[in-house]
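# A look at the structure
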Amino acid sequence: MLVSPAAGGIRCFILSQFRHFSKSRLPLITTDPFHPNVNEVIDVRTLKEFKEDHIPGAVNLPVLSDLERHEVGKLYSQDSFKGRIYGAELVTKNISQMIHEYLIKKPKEYSPLVYCWRGGQRSYSVAVVMAQIGFDVYVLEKGYKTYRERVKECLNEMPGKFTYKVLSGPTGSGKTFLLSKLSALGEQVLDLEGIANHKGSVLGAEINGTQPSQKWFESQIVEKLRSFNLEKVVWVESESVRIGNVHVPQTLHKEMGKAQHFRINLPMEKRVQHILKNYPDYIENFQFTKQKLMKLKSYHSNSKLSEWISLGESGQWTQFVEAFLTEHYDPSYSLSQSKNFKSPATDIYLDSLDPEHVQSFLHTLISDPVDGALSEVKDKMSAETHDLF
(Lines give C-alpha, C1' and ligand atoms only; values in the text may rest on other atoms or scores of the structure.)
Protein backbone atom coordinates (compact mmCIF):
# COMPACT_ATOMS: atom_id res chain seq x y z
CA MET A 1 0.00 0.00 0.00
CA LEU A 2 1.30 3.44 -0.93
CA VAL A 3 0.67 6.65 1.00
CA SER A 4 1.72 10.24 0.39
CA PRO A 5 5.10 11.21 1.86
CA ALA A 6 4.75 13.20 5.06
CA ALA A 7 6.34 16.61 5.06
CA GLY A 8 9.11 16.86 7.64
CA GLY A 9 11.84 19.31 8.41
CA ILE A 10 14.70 17.48 6.81
CA ARG A 11 12.58 16.47 3.82
CA CYS A 12 11.70 20.09 3.10
CA PHE A 13 15.34 21.06 3.48
CA ILE A 14 16.49 18.37 1.06
CA LEU A 15 13.75 19.10 -1.46
CA SER A 16 14.68 22.77 -1.51
CA GLN A 17 18.15 21.84 -2.63
CA PHE A 18 16.65 20.14 -5.70
CA ARG A 19 14.35 23.00 -6.77
CA HIS A 20 15.90 22.96 -10.23
CA PHE A 21 15.15 19.26 -10.63
CA SER A 22 11.86 17.60 -11.58
CA LYS A 23 9.28 17.88 -8.81
CA SER A 24 7.65 14.70 -10.09
CA ARG A 25 10.72 12.66 -9.21
CA LEU A 26 9.97 12.01 -5.55
CA PRO A 27 10.25 8.80 -3.55
CA LEU A 28 7.09 6.76 -3.03
CA ILE A 29 6.21 5.87 0.54
CA THR A 30 5.15 2.26 1.12
CA THR A 31 4.15 0.17 4.11
CA ASP A 32 5.16 -3.09 2.39
CA PRO A 33 8.72 -4.26 3.23
CA PHE A 34 8.37 -6.91 0.50
CA HIS A 35 7.10 -4.60 -2.25
CA PRO A 36 6.93 -6.51 -5.56
CA ASN A 37 8.29 -3.63 -7.67
CA VAL A 38 11.53 -3.42 -5.69
CA ASN A 39 14.71 -5.07 -7.03
CA GLU A 40 16.98 -4.25 -4.09
CA VAL A 41 16.62 -3.22 -0.45
CA ILE A 42 18.94 -0.60 1.07
CA ASP A 43 19.33 -0.37 4.84
CA VAL A 44 20.83 3.03 5.67
CA ARG A 45 21.11 2.40 9.41
CA THR A 46 24.42 1.94 11.17
CA LEU A 47 26.35 -1.32 10.92
CA LYS A 48 25.50 -2.11 14.55
CA GLU A 49 21.77 -1.77 13.88
CA PHE A 50 22.10 -3.79 10.68
CA LYS A 51 23.91 -6.68 12.39
CA GLU A 52 21.21 -7.06 15.01
CA ASP A 53 18.53 -7.53 12.36
CA HIS A 54 17.58 -6.39 8.86
CA ILE A 55 15.42 -7.31 5.91
CA PRO A 56 17.06 -10.45 4.44
CA GLY A 57 19.00 -9.63 1.29
CA ALA A 58 19.34 -5.95 2.17
CA VAL A 59 22.61 -4.14 1.49
CA ASN A 60 23.91 -1.91 4.27
CA LEU A 61 24.79 1.62 3.11
CA PRO A 62 24.86 3.71 6.30
CA VAL A 63 24.26 7.43 6.00
CA LEU A 64 25.86 7.71 9.43
CA SER A 65 28.40 5.36 10.98
CA ASP A 66 27.95 4.17 14.56
CA LEU A 67 30.43 6.79 15.77
CA GLU A 68 28.92 9.57 13.66
CA ARG A 69 25.43 8.81 14.90
CA HIS A 70 26.68 8.92 18.48
CA GLU A 71 28.41 12.26 17.89
CA VAL A 72 25.35 13.80 16.23
CA GLY A 73 23.09 12.58 19.01
CA LYS A 74 25.38 13.97 21.68
CA LEU A 75 25.58 17.38 20.00
CA TYR A 76 21.83 17.42 19.34
CA SER A 77 21.11 16.87 23.04
CA GLN A 78 23.18 20.00 23.78
CA ASP A 79 22.05 22.18 20.86
CA SER A 80 19.44 20.77 18.48
CA PHE A 81 20.18 23.30 15.72
CA LYS A 82 23.91 22.63 15.71
CA GLY A 83 23.20 18.93 15.89
CA ARG A 84 21.05 19.14 12.73
CA ILE A 85 23.70 21.11 10.87
CA TYR A 86 26.44 18.66 11.80
CA GLY A 87 24.18 15.74 10.94
CA ALA A 88 23.36 17.24 7.53
CA GLU A 89 27.06 17.74 6.83
CA LEU A 90 27.87 14.11 7.59
CA VAL A 91 24.83 12.72 5.76
CA THR A 92 25.49 14.66 2.54
CA LYS A 93 29.15 13.63 2.62
CA ASN A 94 28.22 9.97 3.03
CA ILE A 95 25.53 10.13 0.34
CA SER A 96 28.10 11.53 -2.06
CA GLN A 97 30.40 8.64 -1.29
CA MET A 98 27.49 6.21 -1.68
CA ILE A 99 26.77 7.57 -5.17
CA HIS A 100 30.42 7.44 -6.20
CA GLU A 101 31.09 3.92 -4.89
CA TYR A 102 27.76 2.15 -5.36
CA LEU A 103 24.89 3.90 -7.11
CA ILE A 104 26.92 5.06 -10.11
CA LYS A 105 27.01 1.43 -11.30
CA LYS A 106 23.23 1.01 -11.30
CA PRO A 107 21.09 1.10 -14.49
CA LYS A 108 18.22 3.57 -14.82
CA GLU A 109 15.74 0.71 -14.22
CA TYR A 110 17.09 0.35 -10.68
CA SER A 111 14.21 0.45 -8.16
CA PRO A 112 15.29 0.14 -4.52
CA LEU A 113 13.42 0.18 -1.22
CA VAL A 114 15.20 2.35 1.35
CA TYR A 115 14.62 2.20 5.09
CA CYS A 116 16.10 3.38 8.38
CA TRP A 117 15.04 2.88 12.00
CA ARG A 118 11.70 4.65 12.32
CA GLY A 119 11.66 8.40 11.82
CA GLY A 120 12.50 8.37 8.12
CA GLN A 121 15.04 11.18 8.12
CA ARG A 122 18.01 9.01 7.20
CA SER A 123 16.12 6.98 4.59
CA TYR A 124 14.39 9.95 2.98
CA SER A 125 17.61 11.94 2.74
CA VAL A 126 19.03 9.17 0.55
CA ALA A 127 15.83 8.37 -1.30
CA VAL A 128 15.13 11.90 -2.52
CA VAL A 129 18.61 12.19 -4.03
CA MET A 130 18.21 8.82 -5.73
CA ALA A 131 14.77 9.81 -7.04
CA GLN A 132 16.12 13.02 -8.51
CA ILE A 133 18.82 11.02 -10.25
CA GLY A 134 16.02 9.14 -11.98
CA PHE A 135 15.57 5.91 -10.04
CA ASP A 136 12.13 4.68 -8.98
CA VAL A 137 12.65 4.74 -5.22
CA TYR A 138 10.44 3.49 -2.41
CA VAL A 139 10.78 4.49 1.24
CA LEU A 140 9.48 2.13 3.93
CA GLU A 141 7.16 4.15 6.15
CA LYS A 142 8.32 3.99 9.77
CA GLY A 143 11.30 1.97 8.55
CA TYR A 144 12.57 -1.05 10.43
CA LYS A 145 9.71 -0.81 12.94
CA THR A 146 7.24 -1.52 10.13
CA TYR A 147 9.32 -4.46 8.96
CA ARG A 148 9.59 -5.90 12.47
CA GLU A 149 5.81 -5.73 12.95
CA ARG A 150 5.41 -7.57 9.64
CA VAL A 151 7.76 -10.32 10.85
CA LYS A 152 5.69 -10.75 14.00
CA GLU A 153 2.52 -10.99 11.93
CA CYS A 154 4.11 -13.60 9.66
CA LEU A 155 5.29 -15.70 12.60
CA ASN A 156 1.77 -15.68 14.04
CA GLU A 157 0.01 -16.51 10.77
CA MET A 158 2.32 -18.42 8.41
CA PRO A 159 3.32 -21.55 10.41
CA GLY A 160 -0.29 -22.76 10.51
CA LYS A 161 -0.58 -22.67 6.71
CA PHE A 162 1.93 -25.48 6.10
CA THR A 163 1.95 -29.25 6.53
CA TYR A 164 5.04 -30.39 8.42
CA LYS A 165 6.83 -33.71 8.71
CA VAL A 166 9.27 -33.87 11.59
CA LEU A 167 12.40 -35.99 11.92
CA SER A 168 13.12 -36.93 15.52
CA GLY A 169 15.66 -39.27 17.03
CA PRO A 170 18.45 -39.24 19.61
CA THR A 171 21.69 -37.35 19.13
CA GLY A 172 23.85 -38.85 16.40
CA SER A 173 20.99 -40.45 14.48
CA GLY A 174 21.64 -38.21 11.47
CA LYS A 175 18.60 -35.92 11.54
CA THR A 176 20.43 -32.90 10.12
CA PHE A 177 22.22 -35.10 7.60
CA LEU A 178 18.92 -36.56 6.40
CA LEU A 179 17.38 -33.09 6.14
CA SER A 180 20.25 -32.02 3.90
CA LYS A 181 19.66 -35.04 1.68
CA LEU A 182 15.94 -34.26 1.51
CA SER A 183 16.79 -30.72 0.44
CA ALA A 184 19.11 -32.06 -2.25
CA LEU A 185 16.18 -34.10 -3.57
CA GLY A 186 14.12 -30.91 -3.96
CA GLU A 187 12.11 -31.16 -0.76
CA GLN A 188 11.23 -28.09 1.30
CA VAL A 189 13.43 -28.10 4.41
CA LEU A 190 13.39 -25.68 7.32
CA ASP A 191 16.80 -26.15 8.96
CA LEU A 192 16.33 -24.37 12.28
CA GLU A 193 19.71 -25.47 13.64
CA GLY A 194 21.43 -24.16 10.52
CA ILE A 195 19.69 -20.80 10.90
CA ALA A 196 20.52 -20.74 14.63
CA ASN A 197 24.14 -21.79 13.97
CA HIS A 198 23.78 -24.25 16.83
CA LYS A 199 23.12 -27.99 17.03
CA GLY A 200 20.71 -27.58 19.92
CA SER A 201 22.62 -29.35 22.68
CA VAL A 202 25.23 -28.71 25.36
CA LEU A 203 27.94 -29.41 22.76
CA GLY A 204 25.96 -27.81 19.97
CA ALA A 205 27.70 -24.44 19.72
CA GLU A 206 30.25 -23.80 17.00
CA ILE A 207 33.61 -23.29 18.74
CA ASN A 208 34.49 -20.17 16.74
CA GLY A 209 30.94 -19.30 15.71
CA THR A 210 28.31 -16.90 16.97
CA GLN A 211 24.58 -17.24 17.05
CA PRO A 212 22.24 -14.72 15.43
CA SER A 213 20.19 -12.35 17.53
CA GLN A 214 16.64 -13.51 18.25
CA LYS A 215 15.30 -10.93 15.78
CA TRP A 216 17.64 -12.01 12.96
CA PHE A 217 16.81 -15.66 13.69
CA GLU A 218 13.13 -14.86 13.27
CA SER A 219 13.73 -12.81 10.13
CA GLN A 220 15.48 -15.74 8.48
CA ILE A 221 12.66 -18.12 9.44
CA VAL A 222 10.09 -15.80 7.87
CA GLU A 223 12.21 -15.43 4.74
CA LYS A 224 12.42 -19.20 4.41
CA LEU A 225 8.70 -19.72 4.98
CA ARG A 226 7.88 -17.05 2.39
CA SER A 227 9.93 -18.98 -0.17
CA PHE A 228 7.99 -22.21 0.38
CA ASN A 229 5.10 -23.60 -1.64
CA LEU A 230 2.01 -23.95 0.55
CA GLU A 231 1.01 -27.09 -1.35
CA LYS A 232 4.19 -28.98 -0.47
CA VAL A 233 5.31 -30.59 2.78
CA VAL A 234 7.91 -28.82 4.94
CA TRP A 235 10.47 -31.12 6.55
CA VAL A 236 11.94 -30.00 9.86
CA GLU A 237 13.99 -31.49 12.68
CA SER A 238 12.45 -31.93 16.10
CA GLU A 239 13.67 -29.15 18.38
CA SER A 240 13.22 -27.99 21.93
CA VAL A 241 11.87 -24.50 22.37
CA ARG A 242 15.42 -23.19 22.77
CA ILE A 243 18.31 -23.75 20.35
CA GLY A 244 21.33 -22.39 22.16
CA ASN A 245 20.53 -18.75 22.90
CA VAL A 246 17.58 -18.37 20.53
CA HIS A 247 14.00 -19.56 20.84
CA VAL A 248 11.85 -21.22 18.21
CA PRO A 249 8.79 -18.97 17.65
CA GLN A 250 5.89 -20.22 19.72
CA THR A 251 3.39 -20.67 16.88
CA LEU A 252 5.89 -22.62 14.77
CA HIS A 253 6.91 -24.87 17.65
CA LYS A 254 3.26 -25.59 18.41
CA GLU A 255 2.63 -26.64 14.79
CA MET A 256 5.70 -28.87 14.83
CA GLY A 257 4.36 -30.58 17.96
CA LYS A 258 1.10 -31.44 16.17
CA ALA A 259 2.82 -32.75 13.02
CA GLN A 260 3.48 -36.31 11.90
CA HIS A 261 6.93 -37.23 13.13
CA PHE A 262 9.35 -40.01 12.33
CA ARG A 263 11.71 -41.30 15.00
CA ILE A 264 15.02 -42.42 13.52
CA ASN A 265 16.64 -45.49 15.06
CA LEU A 266 20.30 -46.01 14.20
CA PRO A 267 22.68 -48.56 15.77
CA MET A 268 24.81 -47.05 18.55
CA GLU A 269 28.00 -47.89 16.67
CA LYS A 270 26.83 -45.80 13.70
CA ARG A 271 25.69 -42.95 15.93
CA VAL A 272 29.13 -42.78 17.52
CA GLN A 273 30.82 -42.80 14.11
CA HIS A 274 28.52 -40.02 12.89
CA ILE A 275 29.28 -37.83 15.91
CA LEU A 276 33.04 -38.35 15.65
CA LYS A 277 32.82 -37.33 12.01
CA ASN A 278 30.66 -34.26 12.58
CA TYR A 279 32.09 -32.91 15.85
CA PRO A 280 35.86 -32.90 15.15
CA ASP A 281 36.39 -29.53 16.83
CA TYR A 282 35.28 -30.93 20.18
CA ILE A 283 37.92 -33.63 19.93
CA GLU A 284 40.72 -31.39 18.71
CA ASN A 285 39.87 -28.76 21.33
CA PHE A 286 39.00 -30.93 24.29
CA GLN A 287 39.77 -28.13 26.75
CA PHE A 288 36.76 -26.30 25.31
CA THR A 289 34.72 -29.51 25.59
CA LYS A 290 35.69 -29.85 29.26
CA GLN A 291 34.39 -26.35 29.95
CA LYS A 292 31.07 -27.32 28.39
CA LEU A 293 30.90 -30.56 30.37
CA MET A 294 31.45 -28.72 33.65
CA LYS A 295 28.22 -26.81 33.02
CA LEU A 296 26.40 -30.11 33.64
CA LYS A 297 27.30 -30.17 37.36
CA SER A 298 23.69 -29.66 38.35
CA TYR A 299 22.68 -32.75 36.34
CA HIS A 300 25.51 -35.19 37.03
CA SER A 301 27.82 -36.06 39.90
CA ASN A 302 31.44 -34.93 39.99
CA SER A 303 32.55 -38.54 39.65
CA LYS A 304 30.51 -38.97 36.48
CA LEU A 305 31.92 -35.78 34.97
CA SER A 306 35.44 -36.89 35.91
CA GLU A 307 34.83 -40.25 34.24
CA TRP A 308 33.81 -38.60 30.96
CA ILE A 309 36.71 -36.16 31.06
CA SER A 310 39.16 -38.99 31.78
CA LEU A 311 37.95 -40.86 28.69
CA GLY A 312 38.45 -37.77 26.56
CA GLU A 313 41.85 -36.87 27.94
CA SER A 314 43.08 -40.40 27.33
CA GLY A 315 41.89 -40.28 23.72
CA GLN A 316 39.26 -42.98 24.13
CA TRP A 317 36.87 -41.11 21.89
CA THR A 318 34.57 -43.98 20.99
CA GLN A 319 34.06 -44.83 24.65
CA PHE A 320 33.66 -41.14 25.56
CA VAL A 321 30.97 -40.52 22.94
CA GLU A 322 29.05 -43.71 23.74
CA ALA A 323 29.11 -42.99 27.47
CA PHE A 324 27.98 -39.41 26.95
CA LEU A 325 25.17 -40.52 24.65
CA THR A 326 23.78 -43.25 26.90
CA GLU A 327 24.25 -41.41 30.21
CA HIS A 328 23.33 -37.85 29.24
CA TYR A 329 21.96 -37.20 25.76
CA ASP A 330 19.55 -40.12 25.40
CA PRO A 331 17.72 -39.68 28.74
CA SER A 332 17.48 -35.91 28.16
CA TYR A 333 16.20 -36.36 24.63
CA SER A 334 13.52 -38.87 25.63
CA LEU A 335 12.23 -36.45 28.25
CA SER A 336 12.11 -33.51 25.84
CA GLN A 337 10.34 -35.51 23.13
CA SER A 338 7.58 -36.56 25.49
CA LYS A 339 6.88 -32.86 26.02
CA ASN A 340 7.17 -31.77 22.39
CA PHE A 341 4.77 -34.17 20.63
CA LYS A 342 1.10 -34.91 21.20
CA SER A 343 0.99 -38.06 19.03
CA PRO A 344 3.16 -41.20 18.93
CA ALA A 345 6.08 -41.36 16.51
CA THR A 346 6.43 -43.56 13.47
CA ASP A 347 9.62 -45.53 14.11
CA ILE A 348 12.02 -45.87 11.21
CA TYR A 349 15.09 -48.06 11.29
CA LEU A 350 18.30 -47.46 9.40
CA ASP A 351 21.29 -49.78 9.29
CA SER A 352 23.64 -46.89 8.51
CA LEU A 353 23.87 -43.45 6.97
CA ASP A 354 25.73 -44.67 3.90
CA PRO A 355 24.54 -42.75 0.80
CA GLU A 356 23.21 -45.75 -1.13
CA HIS A 357 21.17 -46.90 1.86
CA VAL A 358 19.85 -43.43 2.73
CA GLN A 359 18.97 -42.48 -0.85
CA SER A 360 16.63 -45.41 -1.37
CA PHE A 361 15.00 -44.92 1.99
CA LEU A 362 14.37 -41.21 1.46
CA HIS A 363 12.68 -41.79 -1.89
CA THR A 364 10.28 -44.14 -0.11
CA LEU A 365 9.74 -41.61 2.66
CA ILE A 366 9.01 -38.80 0.21
CA SER A 367 6.64 -40.83 -1.96
CA ASP A 368 4.56 -42.04 0.98
CA PRO A 369 1.40 -39.86 1.01
CA VAL A 370 0.16 -41.26 4.30
CA ASP A 371 1.63 -44.06 6.40
CA GLY A 372 1.02 -47.22 4.36
CA ALA A 373 4.20 -47.60 2.35
CA LEU A 374 6.30 -46.26 5.18
CA SER A 375 4.99 -48.83 7.66
CA GLU A 376 5.98 -51.56 5.22
CA VAL A 377 9.53 -50.20 5.08
CA LYS A 378 9.51 -49.94 8.83
CA ASP A 379 8.38 -53.55 9.30
CA LYS A 380 10.87 -54.89 6.76
CA MET A 381 13.83 -52.97 8.13
CA SER A 382 12.81 -53.65 11.70
CA ALA A 383 12.88 -57.39 11.00
CA GLU A 384 16.23 -57.16 9.27
CA THR A 385 17.86 -55.15 12.04
CA HIS A 386 15.97 -56.32 15.11
CA ASP A 387 19.05 -57.91 16.64
CA LEU A 388 20.91 -54.59 16.43
CA PHE A 389 18.63 -52.77 18.88
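Structure: above.
Residues numbered from 1 in each chain as written. Predicted model: local features only at pLDDT ≥ 70, side-chain atom pairs only at ≥ 80, totals over all residues. Heavy atoms only, no water.

### Quick notes on empty space enclosed by the protein
All chains considered together, the criterion is met by one cavity of 30 Å³ or more. Of the volumes computed, that of the largest cavity is approximately 160 Å³. Considering the residues around the largest cavity, the lining is formed by 14 residues, among which Leu203, Ile275, Tyr279, Phe320 and Val321 are closest to the centre. Going through the elements one at a time, α11 (268–278), α12 (280–284) and α15 (317–340) are the ones with two or more residues in the lining of the largest cavity. A total of six residues in the lining of the largest cavity trace back to one element, the largest contributor, which is α15. Per-class residue counts for the lining of the largest cavity are 12 nonpolar, two polar and no charged. (1 Å grid on protein atoms, 1.4 Å probe; cavity = no way out; pocket = protein on both sides within 12 Å on 5 of 7 lines; lining within 4 Å. Points joined across faces, edges and corners; volume = space filled by probe spheres on them. Helix = DSSP H or I, 4+ residues; strand = E, 2+ residues; numbered from the N terminus. Nonpolar A, V, L, I, M, F, W, Y, C, P; charged D, E, K, R; others polar.)

### Points about helix α5 (residues 121–133)
If you check α5, its first and last C-alpha atoms are 19 Å apart, about what 13 residues at 1.5 Å a residue would give, namely 18 Å. Judged by how many residues are buried, α5 sits mostly within the fold: 11 of 13 residues are covered. Within the span of α5, buried status applies to Arg122, Ser123, Tyr124, Ser125, Val126, Ala127, Val128, Val129, Met130, Ala131 and Gln132. In the segment just after α5, Gly134 is the residue with positive phi, at about 130°. (Expected span 1.5 Å × (residues − 1). Buried < 20%, exposed > 50% of the residue type's maximum accessible area, 1.4 Å probe, protein only.)

### Regarding the packing of helix α13 (residues 286–293) against helix α14 (residues 302–313)
It is the contact of α13 with α14, at a shortest axis distance of 11 Å, that shows an interaxial angle of 170°. By the angle between their directions, the pair α13 and α14 is classed as roughly antiparallel. On the side of α13, the interface is formed by Phe286, Lys290 and Leu293, while α14 contributes Leu305, Trp308, Ile309, Gly312 and Glu313. (Axes fitted to C-alpha atoms, helices over the stretch in contact; angles between N-to-C directions. Parallel < 35°, antiparallel > 145°, perpendicular 65-115°, else oblique. Contact = heavy atoms within 4.5 Å.)

### What to know about the packing of aromatic side chains
In total, this model carries 15 aromatic pairs according to the counting rule given. Ring plane angle 55° and centroid distance 6.0 Å describe the contact between Tyr279 and Tyr282, whose orientation is recorded as tilted. Residues Tyr279 and Tyr282 agree in their burial class; the two are buried. Look at Phe286 and Phe320: their rings are 5.7 Å apart centre to centre, the planes differ by 85°, and that puts the pair in the edge-to-face class. In this pair, Phe286 is assigned in helix α13 and Phe320 in helix α15, connecting sequence segments 34 residues apart. (Phe/Tyr/Trp six-rings, centres within 6.5 Å; stacked < 30°, edge-to-face > 60°.)

### Overview of the pairing of strand β3 (residues 40–43)
Side chains of β3 alternate between two faces, with Glu40 and Ile42 and Val41 and Asp43 buried alike. Note that β3 and strand β5 (residues 112–115) share four bridges and pair parallel. Across the sheet, Asp43 pairs through a bridge with Tyr115, a residue of β5. The pairing of β3 with strand β4 (residues 59–60) spans two bridges and is classified as parallel. Its bridge partner being in β4, Asp43 is matched across the sheet by Asn60. You can see the chain leave β3, run along helix α2 (residues 47–52) and come back into β4, and the turn it takes is right-handed. (Pairing = 2+ DSSP bridges. Right-handed = clockwise from strand over helix to strand, strands pointing away.)

### Considerations on the side chain of Arg122
Of note, Arg122 is situated in helix α5. Taking the relative accessible area as the measure of exposure, Arg122 reaches 11% and is therefore buried. Apart from the residues within four sequence positions on either side, Arg122 is in contact with Val44, Arg45, Thr46, Glu49, Val63, Arg69, Cys116 and Trp117.

### Structural notes on the pairing of strand β12 (residues 260–265)
Across four bridges, the pairing between strand β7 (residues 164–168) and β12 is parallel. Paired with Val166 across the bridge in β12 is His261. Both β12 and strand β13 (residues 346–349) contribute to a ladder of four bridges, which runs parallel. Counterpart to Arg263 in the pairing with β13 is Asp347.

### Looking at unusual backbone geometry
Of note in the backbone geometry, Lys142 takes a positive phi value of approximately 60° without being a glycine. Judged by relative accessible area, Lys142 falls into the exposed class, the value being 56%. Of note in the backbone geometry, Asn197 takes a positive phi value of approximately 55° without being a glycine. With respect to the helices and strands, Asn197 occurs in the loop between α8 (192–196) and α9 (214–227). Assessed through its relative accessible area of 27%, Asn197 is described here as partly exposed.

### A word on the pattern of salt bridges
Scanning the entire structure with this criterion turns up 17 salt bridges. Its salt-bridge partner being Arg25, residue Asp136 comes within 3.3 Å of it at the nearest N-O pair. Of the two residues, Asp136 sits in the loop between α5 and β6 (138–140) while Arg25 sits in the loop between α1 (9–17) and β2 (28–30), which places them 111 residues apart along the sequence. Residues Glu327 and Lys304 are paired through a salt bridge, measuring 3.1 Å at the closest nitrogen-oxygen approach. On the criterion of sequence distance, the pair formed by Glu327 in helix α15 and Lys304 in helix α14 is long-range, its members being 23 residues apart. Taking the relative accessible area as the measure of exposure, Glu327 reaches 29% and is therefore partly exposed. Among the ionic contacts, a cluster of salt bridges with common partners joins Glu49, Arg69 and Arg122. (Salt bridge = Lys/Arg side-chain N within 4 Å of Asp/Glu carboxyl O.)

### Some thoughts on the environment of Lys304
Between the alpha carbons of Lys304 and Glu327 there is a distance of 9.2 Å; along the sequence they are 23 residues apart. Here the side chain of Lys304 touches Glu327 through a polar contact of 3.1 Å, side chain to side chain. (Polar contact = N/O pair within 3.5 Å; in protein donor to acceptor, adjacent residues only side chain to side chain.)

### What about the nonpolar core?
Core analysis: the largest hydrophobic core is formed by 37 residues, its most contacted members being Leu190 and Leu192. Among the elements of the structure, β5, β6, α6 (143–157), β7, α8, α9, β9 (234–237) and α10 (250–258) are those that each provide at least two residues to this core. When residues no more than four places from it in sequence are discounted, the contact partners of Leu190 are Ile195, Lys224, Leu225, Phe228, Val234, Trp235, Val236, Glu237 and Leu252. (Core = buried A, V, L, I, M, F, W, Y, C linked by side-chain atoms within 4.5 Å.)

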